[in-house]
Amino acid sequence: MTTDTDGAADGEPAGSLRVRPAAGHIGADITGVDLAGDLDEAVIAGIRAALLRWKVLFFRDQRLDHAAHVALARRFGEPVVLPRRGTASPPDVPEVETTADRLELGGRFGMEHDEWLRRRRHTLLRGWHCDHGARVDPPAATILRAETVPPYGGDTTWSNLAAAYAGLSAPLRAFADGLRAEHRLGVGYQPRPGDDAYLRHLLDRQTATEHPLVRVHPETGERVLFVNGYYVEQITGLSRPESAAVLELLLDQATRPEYTVRLRWEPGTVAFWDNRATIHLAPGDTAHLDHPRIMHRVMLAGDVPVGVDGRPSTPLTGTAPGRW
């Protein structure tokens, strides 16, 4: 039997807000809310509580334009303004990034988009990531809305990193608690033969941070297995073979199906996720489809992660708190 939950958590009322869990560990469908409307404080609090509990929230049939999208984000934090965006992003709304920009990346460096993806995400685990995880202060949350989606394909999957940590054995949790890892932009990229303009771009614009392998969530106090396949380079203090083996084990743990939820997008769908406690996998099944997929995202500024021992993340190169 499936039931709706009034409010965001533990049955607390929040007006017409309804929270319906979408999977056992992560994800909830939210109804009874018009995100473009004038949300009262009780609804804002209900959404925030649901986000902390379920990590990613799904809203259907929303009618947000760019301005309303940014206004919604401001109710939950400070929107990030990216210094560089592609031509698909709205020039007069600097907080909004249009994901169709990603289709331009390969072309800037002499590659078709398919080739760029193959070289960047050549294994399944390489695709899993949190947004801007190589920064010393990754975004706290992301709000992504769908404008145009293909009639099939294009799903996004999220994983709950707090549940993944809790699912480890006690000895392995204790081991991971004391470790730190280097997160670096461009990890795993497979260069083209000869001169590679994208590789030169990565080397010229290095971004790297040493993060705790287990971070403490600043609002819930949960311990979060802070790993992903897209940015994590090396566990500090371990040899390369040791690091590779441990990372493979932890990444397999982080992406186990029971810790995940998958979203089928429709025009007007909005996903709001906690970037501190999740990783997600963008779709890889639309390149051969002759259908556009246009999404818009706003990210909320985040804090510097702190480990179990109280030590914050350390910037290595190309990143500083609050500087984008």
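Above: the structure in question.
These notes cover the structure that comes with them. (Residues numbered from 1 in each chain as written. Predicted model: local features only at pLDDT ≥ 70, side-chain atom pairs only at ≥ 80, totals over all residues. Heavy atoms only, no water.)

## Examining the environment of Glu-258
Summarising the element assignment, Glu-258 is placed in the loop between helix H9 (240-254) and strand E14 (260-263). Residue Glu-258 is classed as partly exposed on the basis of its relative accessible area, which comes to 37%. For the pair formed by Glu-258 and Ser-159, sequence separation is 99 residues and the distance between their alpha carbons is 8.7 Å. A distance of 2.3 Å separates the side chain of Glu-258 from the side chain of Arg-256, its partner in a polar contact. (Helix = DSSP H or I, 4+ residues; strand = E, 2+ residues; numbered from the N terminus. Buried < 20%, exposed > 50% of the residue type's maximum accessible area, 1.4 Å probe, protein only. Polar contact = N/O pair within 3.5 Å; in protein donor to acceptor, adjacent residues only side chain to side chain.)

## A short note on the pattern of salt bridges
One pass over the structure, following the stated rule, counts 19 salt bridges. The partner of Asp-137 in a salt bridge is Arg-135, with the nearest N and O atoms 2.6 Å apart. Residue Asp-137 shares its accessibility class with Arg-135, and that shared class is buried. Between Glu-219 and Arg-276 there is a salt bridge, with its nearest N and O atoms 2.9 Å apart. Pair noted here: Glu-219 is in the loop between strand E11 (214-216) and strand E12 (223-225) and Arg-276 is in the loop between strand E15 (270-274) and strand E16 (278-281), with a separation of 57 residues, a long-range link. Classification of Glu-219 as partly exposed rests on a relative accessible area of 42%. (Salt bridge = Lys/Arg side-chain N within 4 Å of Asp/Glu carboxyl O.)

## Remarks on the sheet that holds strand E9 (residues 180-184)
Strand order across the open sheet formed by 4 strands is E13-E9-E10-E18, with antiparallel pairing between neighbours. Each end of this open sheet is capped by a strand with a single partner; those strands are strand E13 (232-235) and strand E18 (314-317). Within the sheet, the average angular offset between the axes of one strand and its neighbour, ignoring direction, is 25 degrees. Bridge count between E9 and E13: 3 bridges; the pairing is antiparallel. Paired with Ala-181 across the bridge in E13 is Ile-235. (Pairing = 2+ DSSP bridges. Axes fitted to C-alpha atoms, helices over the stretch in contact; angles between N-to-C directions.)

## Digging into the pairing of strand E3 (residues 28-31)
With burial as the criterion, only one face of E3 is covered, namely that bearing Ala-28 and Ile-30; the residues Asp-29 and Thr-31 on the opposite face remain uncovered. Between strand E2 (residues 18-21) and E3, which follow one another and run antiparallel, lie 6 residues, and Gly-27 among them has a positive phi close to 95 degrees. As paired strands, E3 and strand E4 (residues 56-59) are joined by 3 bridges and run parallel to one another. Its bridge partner lying in E4, Ile-30 is registered against Phe-59. Remark: the E3/helix H1 (residues 41-54)/E4 crossover connection has right-handed handedness. (Right-handed = clockwise from strand over helix to strand, strands pointing away.)

## Considering the sheet that holds strand E6 (residues 128-129)
Reading across from one edge, E6-E16-E8-E14 is the order of the 4 strands in this open sheet, with antiparallel pairing throughout. Of all the strands in the sheet, the pair left with one neighbour each is E6 and E14. One ladder, built from 4 bridges, connects strand E8 (residues 156-160) with E14; its direction is antiparallel. Opposite Ser-159, over in E14, you have Thr-260 as the bridge partner.

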